[in-house]
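Survey of secondary and tertiary structure
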Amino acid sequence: MSDDFVLDVTRIREQARQKMAEGPVTDAYGKDRERVVEILNDVIATEVVCWLRYTRHAISAVGVDRAQVSAEFTEHAKEELDHALRAAERVSQLGGEPEFDPAKLAERSHTDYTTPADHDLQQMLRDNLEAERIVIATYQEIIRWLGEDDPTTRRLMESIMEEEEEHADDLVDLLGG
Ligand SMILES: [Fe+2]
Ligand SMILES: [Fe+2]
């Protein structure tokens, strides 16, 4: 069987010199860039809302297991913020504008901002577990949609999703499930 992979380097060199201001985005980019930026901005909003929820819960947790649960929430919060920043960095690489406008975060986010009225630990754990499961399901669909067309964004989403799965696992452990 012959190898039919032929790189037209002359054409690629020619194209690379055009639209230099687009930085890493070349004609080989396989996705609708604006759509990817839009989806990543939804991811940023989701991560910021998760960061806010975990931060709030870490501060207001009460009950016998307070210290352990609060420490876990604080750790998750840090990672959610890191996810938001990594998604924002990618938006910027793609030539888009990362959206951090607080007025738009809640409507873009895949998950809700919730705070149990009585600061009940079990309810907090359940709220966060539900949020993580929503995030895992939506990111899985984003990863599938990206496919082979934007491997860098896909790898970013895969690495974020891996941490969301760890979060969900931690929460199940704390719930004693
Ligand atoms: Fe996250
Ligand atoms: Fe998470």
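Conventions we followed
- Residues numbered from 1 in each chain as written.
- Chains lettered and ligands numbered in written order.
- Predicted model: local features only at pLDDT ≥ 70, side-chain atom pairs only at ≥ 80, totals over all residues.
- Heavy atoms only, no water.
- Helix = DSSP H or I, 4+ residues; strand = E, 2+ residues; numbered from the N terminus.
- Rg over C-alpha atoms; globule rule 2.2 N^0.38 Å.
- Buried < 20%, exposed > 50% of the residue type's maximum accessible area, 1.4 Å probe, protein only.
- Contact = heavy atoms within 4.5 Å.
- Areas by Shrake-Rupley, 256 points an atom, 1.4 Å probe, with all protein chains shown as cover.
- Lys, Arg positive; Asp, Glu negative; His and termini not counted.
- Charge placed at Lys NZ, Arg CZ, Asp CG, Glu CD.
- Donors = N, O, S within 2.8 Å, 3.2 Å for Na, K, Ca; no water.

Before going further, it helps to examine the overall build of the chain. A tally of helices and strands in the chain yields 6 helices and 0 strands. Counting helices and strands in the order they occur from the N terminus, the chain gives α-α-α-α-α-α. Taking 177 residues into account, the globule formula puts the C-alpha radius of gyration at 16 Å, and the chain, at 20 Å, lies well above it. Across its three principal axes, the chain shows a C-alpha extent of roughly 70 × 45 × 20 Å. Counting across all 177 residues of the chain, residues that qualify as buried make up 38%. Relative to all contacts within the chain whose residues are 6 or more apart in sequence, the contacts with residues 24 or more apart total 80%. Carbon and sulfur atoms form 51% of the exposed surface of the chain, whose accessible area is close to 10,400 Å². Placing the 20 positive and 41 negative side-chain charges of the chain at their respective mean positions leaves the two points 5 Å apart.

Turning our eyes to something else, we now look at the coordination of the iron ion (ligand 1). Protein coordination at the iron ion (ligand 1) comes from E47 (OE), E47 (OE), E80 (OE), H83 (ND1) and E164 (OE), with a distance range of 1.9 to 2.6 Å. All donor residues of the iron ion (ligand 1) come from one chain, and their arrangement in sequence is E-x32-E-x2-H-x80-E. Between the iron ion (ligand 1) and the iron ion (ligand 2) the interatomic distance comes to 3.9 Å, and E80 is a ligand of both metals. Within this pair, whereas E80 is found in helix α3 (residues 66–93), its partner E164 is found in helix α6 (residues 151–175), the two being separated by 84 residues in sequence. Judged by relative accessible area, E164 falls into the buried class, the value being 1%.

Here we take up unusual backbone geometry. With glycine set apart, most residues show a phi of negative sign, and most peptide bonds adopt trans. Of note in the backbone geometry, K19 takes a positive phi value of approximately 45° without being a glycine. Tracing the backbone shows K19 in the loop between α1 (9–17) and α2 (33–60). Although it is not a glycine, H119 sits at a positive phi angle of roughly 55°. By relative accessible area, H119 is classed as partly exposed at 25%.

Once that is clear, we can look at the coordination of the iron ion (ligand 2). Each protein donor to the iron ion (ligand 2) is listed here as E80 (OE), E132 (OE), E132 (OE), E164 (OE) and H167 (ND1); together their distances run 2.0 to 2.4 Å. The sequence motif formed by the donor residues of the iron ion (ligand 2) is E-x51-E-x31-E-x2-H. Look at E80 and you get buried, because its relative accessible area is 0%.

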